[in-house]
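# Overview (structure and organization)
Residue strings, one per chain:
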Amino acid sequence: MRAFGFLSFGHYGPVPGSRVRTAGDMLRQTIELAEGADEIGVNGAYVRVHHFARQAASPIPLLTAMAARTKRIEVGTGVIDMRYENPLYLAEEAATLDLISDGRLALGVSRGSPETALRGYEAFGYTGSADPRGADIARDKFELFLQAIDGDTLVESDPQMAPPGRLAIEPQSPTLRDHVWWGAGSRDSAEQVGRQGLNLMSSTLLTEATGEPLHVLQRDQIDRFRAAYKAAGHTGAPRVSVSRSVFPIVSEQDELYFGLRGRDGQDQVGVIDGMRSTFGKTYADTPDKLIDQLLADEAVMAADTLMLTIPNQLGPEYNLHVMQAFAEHVAPALGWKPNTEGPVEGYAIQQ
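Notes on the structure follow. It should be emphasised that the depicted structure is a prediction, and the values quoted were computed from it without experimental measurement. (Residues numbered from 1 in each chain as written. Predicted model: local features only at pLDDT ≥ 70, side-chain atom pairs only at ≥ 80, totals over all residues. Heavy atoms only, no water.)

### Considerations on the packing of aromatic side chains
Threshold: By convention, a stacked pair of Phe, Tyr or Trp rings (six-membered ring in the case of Trp) has centres within 6.5 Å and planes under 30 degrees apart, an edge-to-face pair has planes over 60 apart, and any other such pair is tilted. Comment: elements are numbered from the N terminus, with helices defined as DSSP H or I runs of at least four residues and strands as E runs of at least two. Only protein chains enter the calculation, and the probe is 1.4 Å; a residue is then buried if its accessible area is under 20% of its type maximum, exposed if over 50%, and partly exposed in between. Note on criteria: charge over ring means Lys NZ or Arg CZ within 6 Å of the ring centre, with the direction from the centre no more than 35 degrees off the ring normal.
Applying the stated criterion to the full structure yields 12 aromatic pairs. Between phenylalanine 142 and phenylalanine 145, the ring centres sit 6.1 Å apart and the planes meet at 20°, which makes this aromatic pair stacked. On the criterion of helical spacing, the pair formed by phenylalanine 142 and phenylalanine 145 is a turn pair, its members being three residues apart in helix α4 (residues 135-149). Ring geometry for phenylalanine 225 versus tyrosine 229: centroids 6.1 Å apart, planes at 55°, classification tilted. Here tyrosine 229 and phenylalanine 225 lie together in helix α6 (residues 214-231), a separation of four residues that amounts to about one turn. Accessibility classification places phenylalanine 225 together with tyrosine 229 in one group, the buried group. Taking the ring centre of tyrosine 126 as reference, the NZ or CZ of lysine 141 above it sits at 2.9 Å.

### Observations concerning the environment of histidine 11
Heads up, the condition is: It only takes one pair of heavy atoms within 4.5 Å for two residues to be counted as in contact.
Position of histidine 11 relative to the elements: it lies in the loop between β1 (3-8) and α1 (23-40). Sequence separation between histidine 11 and threonine 305 is 294 residues, and the spatial gap between their C-alpha atoms is 23 Å. If near-sequence neighbours (up to four positions away) are discounted, histidine 11 is found in contact with Val20, Met26, Arg54, Gln55, Asn312 and Gln313.

### Things to note about the pattern of salt bridges
Heads up, the condition is: Salt bridges are identified by distance alone: a Lys or Arg side-chain nitrogen within 4 Å of an Asp or Glu carboxyl oxygen.
If you walk through the whole model with that rule in mind, you get 14 salt bridges. With a shortest N-O distance of 3.7 Å, aspartate 25 and arginine 28 are connected by a salt bridge. Residue aspartate 25 and its partner arginine 28 are both found in helix α1; the two are separated by three residues, about one turn of the helix. On the accessibility criterion, arginine 28 (57% relative accessible area) is exposed. Glutamate 191 is the salt-bridge partner of arginine 224, the closest N and O atoms lying 3.9 Å from each other. Placement of the pair is arginine 224 in helix α6 and glutamate 191 in helix α5 (residues 187-196), with a sequence separation of 33 residues. Under the relative-accessibility criterion, glutamate 191 is labelled partly exposed at 23%. Linked by salt bridges that have partners in common, Arg187, Asp188, Glu191, Asp220 and Arg224 make up one network.

### Quick word on the environment of glycine 76
Along the chain, glycine 76 falls in strand β3 (residues 74-77). Taking the relative accessible area as the measure of exposure, glycine 76 reaches 0% and is therefore buried. In this structure the C-alpha to C-alpha distance between glycine 76 and leucine 118, which are 42 residues apart in sequence, comes to 26 Å. Not counting the four nearest positions on each side in its chain, glycine 76 is found in contact with Ala45, Tyr46, Val47, Leu63 and Ala106.

Everything listed is a geometric property; what it means functionally is a separate question.
This is how it looks when you write it as structure tokens:
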């Protein structure tokens, strides 16, 4: 592990005890979190994307504001659901944000998590899927998105407005492809990411249940990704991230919120999107014990970036306290380097 960031689901609503009552609260507080995390030295600020729910939904304006108010921290998504996207418009927006942020974008995309709406992407105008989960639409759109950011010419010019020929989208960012991540929910999908030469974003669950712990399944996922990346002839140092819920207990408030539940935490097996899946546990303990537990987490140590899923409903002050405690008492022992030491780099693929 070289870096860590926070991952916010962006929940809001009039829930007892929540400090995030409205969408405006959520948006402003997420920007505040990014600013505070940047000052601590945290490497990344990432947001989940969901539709038809009281959560973050349209990430590009939010990420742009976060980038404008920070200096070093990476801003990104975990993940954008491609079923709901216009791939060419997303390519234009992503290139614009990559340029504005001086390459601090980490654009996580995938087929997306299950949504509250049944085939909600069809209400956005994207119909024709033969897959009840819309995976075919997501993959087709993603391929077009990659063509667009690679500068491929996609349409014929209007001879009354431009010289004859074909046109690519504008703007183009020369670093954008290096900043694209695919959110893989299985080991097989991770291999596809490697073949495409992209970055791998894993999650707090895998849509597999073999009886092995999540971190062992994810380590195999990461190894398969890197092997496929190498076999496809790609060279370089692709990024890999995993997500965990981690809470250093350094105060009575931490103990009250997470002590009992976290210390007894175990991986869980359940059904999501019709598939038996393995869900990660919550890590909550004193810093010395957390260090031992995370050093033993094979996936955390194999990845370059750890995303800390945060309870954003508790507000920026408490969540910045969690990040500060992790930065001071846990992360250095795992290999962390603060954002003041430059952009995060993945581990080079051995040829």
